[in-house]
Amino acid sequence: MADKALVLGGGGLTAYAWQIGVLAGLADAGVVLAGADVLAGTSAGSLLALDLAGGAAPADLYAEQVERERAMLDVDFTFAMTVKYLWAALGSRDPRTVVGRIGRLALTVRDVQETDVFEAIAPQLPTRTWPQRPVRLFAVDALTGEPTAFTADSDVDLLHAMSASCALPPLFPPITIGTGRWMDGGVRSTTNADLVDDCARVVVLAPIPKAAGASPSAVTQVRTLASNGTRATLLTPDRPARRAFGRNPLDATRTPAAAREGRRQGRAQADHIRAIWHD
């Protein structure tokens, strides 16, 4: 069993920036989560997990966000796409049925090719090879609804794994890996924290605590981990942070404010996180 896991949730550019801010604020107070034994991510959290695994310091990543020095993914999740996604997500009270509905939506994407996804994701990767540190990138098979954690042992190249973890329908098509067609792990859960139940201590950052519809919340997943003996805790955006996010999670102009609010929260929560991480 691994000792410590850091779980990084999805939610777009503002989610990425807020989590960086939280990690920078915690580091200011001497709580360094970037050294976790396992770095696990969903969607935007996958990109951050890879950054940390490659040795990037939270303070440096924070400076990039505040100064807007890093060119982030530039996509437009249109109103029509939002309607299609919500139609699928809100069509059932059963989580597995919802994932199946979103999977069918993903398989209808024809105007964007898988190679287009690779071209969009490749510039975001700090490396094209799996890092030596354990990283788990969560994705869901659009054909079966089953989740997986792609790792260096999955016999999948990093670009395919990361693209799958970020392939949110109907913006992107699912990515072909083996016999599966893999889509963004966030269609199942914004954090997939239940998939690190082999770790003794878990800190979960959830920029979006719960997705639309019947998907399990981060709160529920963390409570389940704790009930099974894991020392687990959850940090979510407070009201000022949510205001900083705005309504469009892909609005790059919002990332400096999201990062600053995350840093404030990280500093404020340092003692609580330290009790889980170090005591």
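Keep in mind it's a predicted model, so treat the numbers as computed, not measured.

Calculation rules
Residues numbered from 1 in each chain as written. Predicted model: local features only at pLDDT ≥ 70, side-chain atom pairs only at ≥ 80, totals over all residues. Heavy atoms only, no water. Helix = DSSP H or I, 4+ residues; strand = E, 2+ residues; numbered from the N terminus. Buried < 20%, exposed > 50% of the residue type's maximum accessible area, 1.4 Å probe, protein only. Contact = heavy atoms within 4.5 Å. UniProt positions renumbered as here; feature names shortened; annotations may be inferred. Polar contact = N/O pair within 3.5 Å; in protein donor to acceptor, adjacent residues only side chain to side chain. Phe/Tyr/Trp six-rings, centres within 6.5 Å; stacked < 30°, edge-to-face > 60°. Axes fitted to C-alpha atoms, helices over the stretch in contact; angles between N-to-C directions. Left-handed = near helix turned anticlockwise from the far one by under 90°. Nonpolar A, V, L, I, M, F, W, Y, C, P; charged D, E, K, R; others polar. Salt bridge = Lys/Arg side-chain N within 4 Å of Asp/Glu carboxyl O. Core = buried A, V, L, I, M, F, W, Y, C linked by side-chain atoms within 4.5 Å. Pairing = 2+ DSSP bridges. Right-handed = clockwise from strand over helix to strand, strands pointing away.

**Focus on the environment of Val 117**
Item 1. Position of Val 117 relative to the elements: it lies in helix 6 (residues 114–121).
Item 2. A relative accessible area of 0% means that Val 117 is categorised as buried.
Item 3. In this structure, the C-alpha to C-alpha distance between Val 117 and Ser 227, residues 110 residues apart in sequence, is 39 Å.
Item 4. Aside from chain neighbours lying at most four places away, what touches Val 117 is Ser 163, Phe 172, Pro 173 and Ile 175.

**Considering the UniProt feature "active site" (unreviewed entry) in the protein**
Item 1. Residues annotated by UniProt as "active site" (unreviewed entry) correspond here to Ser 43 and Asp 184. A stretch of 142 residues holds the annotated residues, and the largest C-alpha distance among them is 6.0 Å, short enough that they meet in one place.
Item 2. Mapped onto the secondary structure, Asp 184 falls in strand 6 (residues 180–184).
Item 3. By relative accessible area, which is 2% here, Asp 184 ends up buried.
Item 4. Those residues in contact with Asp 184 that sit more than four places away from it in its chain are Thr 42, Ser 43, Val 140, Ala 164, Ser 165, Cys 166, Ala 167 and Leu 168.
Item 5. Polar side-chain contacts of Asp 184 include one of 2.8 Å to the side chain of Ser 43.

**A closer look at the packing of aromatic side chains**
Item 1. The final tally for this structure, using the stated rule, is two aromatic pairs.
Item 2. Where Trp 18 meets Phe 245, the ring centres are 6.5 Å apart and the plane angle is 75°; that geometry is what we call edge-to-face. Highlighted residues: Trp 18 in helix 1 (residues 12–28) and Phe 245 in helix 9 (residues 239–245), separated in sequence by 227 residues.
Item 3. What makes Trp 18 buried here is its relative accessible area of 0%.
Item 4. The exposure class assigned to Phe 245 is buried, which follows from its relative accessible area of 10%.

**Structural notes on the packing of helix 1 against helix 10 (residues 255–268)**
Item 1. Helix 10 packs onto helix 1 with a crossing angle of 35° between their chain directions and a minimal axis gap of 6 Å. The handedness of the crossing between helix 1 and helix 10 comes out as right-handed. Across the interface between the two elements, Leu 13, Thr 14, Ala 17, Trp 18, Gly 21, Val 22, Ala 24, Gly 25, Leu 26 and Asp 28 from helix 1 touch Thr 255, Ala 258, Ala 259, Glu 261, Gly 262, Arg 263, Gln 265, Gly 266 and Arg 267 from helix 10.
Item 2. For the contact of helix 1 with helix 10, the class distribution of residues is eight nonpolar, seven polar and four charged.

**Details of the pattern of salt bridges**
Item 1. Across all of its chains, the model carries ten salt bridges by this definition.
Item 2. The salt bridge partner of Asp 238 is Arg 264, with a shortest N-O separation of 2.9 Å. Of this pair, Asp 238 sits in the loop between strand 8 (231–235) and helix 9 while Arg 264 is found in helix 10, placing the two residues 26 residues apart along the sequence.
Item 3. Taking the relative accessible area as the measure of exposure, Arg 264 reaches 34% and is therefore partly exposed.

**A few points about the nonpolar core**
Item 1. Residues Leu 6, Leu 33, Leu 52, Phe 150 and Leu 205 are the most contacted members of the largest nonpolar core, which totals 66 residues.
Item 2. Here the element with the most residues in this core is helix 1; it accounts for nine residues.
Item 3. Here Leu 52 is in contact with Leu 6, Leu 8, Leu 23, Ala 34, Leu 39, Pro 58, Leu 61 and Arg 133, once residues within four sequence places are set aside.

**Topic: the pairing of strand 7 (residues 199–205)**
Item 1. Burial analysis of strand 7 places six of its seven residues in the buried class, the great majority of the element.
Item 2. Of the strand pairs in this sheet, strand 1 (residues 2–8) and strand 7 are connected by six bridges, and their pairing is parallel. Residue pairing for strand 7: Ala 5 is matched across the bridge by Val 202.
Item 3. The pairing of strand 7 with strand 8 spans five bridges and is parallel. Its bridge partner being in strand 8, Val 204 is matched across the sheet by Leu 234.
Item 4. As a crossover connection, the stretch from strand 7 through helix 8 (residues 218–227) into strand 8 is right-handed.

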